[in-house]
Amino acid sequence: MEENLSHIQRLRRRILGPAIAIAVIAGLAATAFPMIERIFLQRASSAGETTLRIAVEGLSSTLDRFEPLPKLISERPILVELLKDPTNEGLRPFVNEQLRLTGMSLGVSDVYLMDLGGTTIAASSYRKELSFVGRNFAFRPYFQQAVEGGLGRYFAMGTTSGERGYFFAAPVLDKTRVLGVIAIKFAVNPFEEAWRGGPSDIIVTDLAGVIFMSSRPEWHFRTLGPLAGSDIARIAENRQYPLDRLIPLKVSQETEQGLTRIALDGERFVANETRLNAVGWTVTHLSSTAPARTQAALTLLVAGLVLLLTWLGGRIILDRRNRARERLEEQRRAN
């Protein structure tokens, strides 16, 4: 009878022991998971900060490189000649070709000359089917800024080409009198193609919260919240973006202990952002939280297995000692 009871007790210990150990390890893992996940998220944020800095430096250097070009091009006397005599068919082809060669040498998508009314009288795209020649851009802010004597700058989707780009413009002067405007446009696609090569995402938003550059094409022109009526009216007036694509993303964001987490349409990211104050842009680097969660889970799984194996090894040694002690006790009783 006693032997049966002893056997039952040993059997219970063998079953309950591992179950209790697994439950304890699972409880510890559940408690430790948020802390371990935060460590991996902070690592992702640090890596994202480096990637963000490289992306911002690339954008800033490109803006700095192209910004003075319209002013330099505007100093060509031939542009003044054409603006004074826009119907001169002997002069216009020569200016068109000069602008085409200029665009090729500078690596910009378009260079074009507009009169005071905003109509393009010569352009680097004169050979193309979708040429800027004859198009009027008086509605663009960069034209309005330049025709008033300042530096024009603006980001928009092209109404002729349908291609997103950044515009710089400068007045063409005859001594102190403004005769017209010269503008250049560079495309942003090369930046996005470079960003798509990485494991993370980058978005660039304007002051209204419109995503006009992104490593994900499906996010183009999406917004980080509902737009104000004044913003929609301004965008429509300047024909900056296609209005039918200004659809808000579902966004939630929280910042804790220097770590910013953001959810976009249900996808969760760690976010790093910086401002380009000169152009009013916000550049945001997004690292998915999924790898950090996976790494945290694997770390805890390995740690749990090590603890469980350690416990099992200790339990086996203890059980062997107990069985040896019981055999010795039985032999003493038999003797």
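Residues numbered from 1 in each chain as written. Predicted model: local features only at pLDDT ≥ 70, side-chain atom pairs only at ≥ 80, totals over all residues. Heavy atoms only, no water.

Bringing the sheet that holds strand β4 (residues 164-174) into the picture now. Strand order in the open sheet formed by five strands is β2-β1-β5-β4-β3, and the pairing between neighbours is antiparallel. Two strands in the sheet have a free side with no partner beyond their single neighbour: β2 (120-123) and β3 (152-157). Looking at each pair of strands side by side, their axes are set apart by 25° on average, direction ignored. Note that strand β1 (residues 110-115) and β2 share three bridges and pair antiparallel. By the bridge assignment for β2, Tyr112 is matched with Ala123. Lying on the sheet, helix α4 (residues 92-106) is in contact with β1, β2 and β5 (177-187); it crosses β2 at an angle near 55°. (Pairing = 2+ DSSP bridges. Helix = DSSP H or I, 4+ residues; strand = E, 2+ residues; numbered from the N terminus. Axes fitted to C-alpha atoms, helices over the stretch in contact; angles between N-to-C directions. Contact = heavy atoms within 4.5 Å.)

Let's shift gears to the packing of helix α3 (residues 77-84) against α4. Where α3 contacts α4, the two axes come as close as 10 Å, and the packing angle between them is 140°. The angle between the axes of α3 and α4 places the two elements in the oblique class. The interaxial crossing formed by α3 with α4 has left-handed handedness. For the pair formed by α3 and α4, the contact residues are Ile78, Leu79 and Leu82 on the first element and Arg92, Phe94, Val95 and Gln98 on the second. Here the contact of α3 with α4 is built from residues that sort into five nonpolar, one polar and one charged. (Parallel < 35°, antiparallel > 145°, perpendicular 65-115°, else oblique. Left-handed = near helix turned anticlockwise from the far one by under 90°. Nonpolar A, V, L, I, M, F, W, Y, C, P; charged D, E, K, R; others polar.)

Examined against the element boundaries, Glu49 turns out to sit in helix α1 (residues 2-66). Counting along the chain gives 224 residues from Glu49 to Glu273, while the straight-line C-alpha distance between them is 8.1 Å. Within the local environment of Glu49, its side chain forms a polar contact with the side chain of Asn272, the two groups lying 3.0 Å apart. (Polar contact = N/O pair within 3.5 Å; in protein donor to acceptor, adjacent residues only side chain to side chain.)

Before going further, it helps to spend a moment on the packing of aromatic side chains. Considering all chains together, one arrives at 14 aromatic pairs under this definition. Between Tyr166 and Phe186, the aromatic rings sit 5.9 Å apart at their centres with planes inclined by 40°, giving tilted as the arrangement. On the criterion of sequence distance, the pair formed by Tyr166 in strand β4 and Phe186 in strand β5 is long-range, its members being 20 residues apart. The same class applies to Tyr166 and to Phe186, which are both buried. Pairing Phe221 with Tyr241 gives two aromatic rings, centres 5.6 Å apart and planes at 50°, and the pair type is tilted. Separated by 20 residues along the polypeptide, Phe221 in the loop between β7 (211-214) and α7 (229-238) and Tyr241 in the loop between α7 and β8 (251-256) bring together distant segments of the chain. The exposure class assigned to Phe221 is buried, which follows from its relative accessible area of 2%. Tyr241 gets classed as buried once you look at its relative accessible area, which sits at 4%. The rings of Phe66, Phe155, Tyr166, Phe168, Phe186, Phe212 and Trp281 are connected pair by pair, giving a single aromatic cluster. It is Arg239 that lies over the ring of Phe139; its NZ or CZ is 4.0 Å from the centre. (Phe/Tyr/Trp six-rings, centres within 6.5 Å; stacked < 30°, edge-to-face > 60°. Buried < 20%, exposed > 50% of the residue type's maximum accessible area, 1.4 Å probe, protein only. Lys NZ or Arg CZ within 6 Å of the ring centre and 35° of its normal.)

Right, let's talk about the nonpolar core for a bit. Leu59, Leu113, Ile182, Met213 and Trp281 are the most contacted members of the largest nonpolar core, which has 48 residues in total. Here Trp281 is in contact with Leu59, Leu63, Phe155, Tyr166, Val204, Thr205, Phe212, Thr274, Arg275 and Leu276, once residues within four sequence places are set aside. In terms of nonpolar packing, the next biggest core, distinct from the first, is built from 15 residues, Tyr112, Phe143, Ala146 and Phe167 among them. (Core = buried A, V, L, I, M, F, W, Y, C linked by side-chain atoms within 4.5 Å.)

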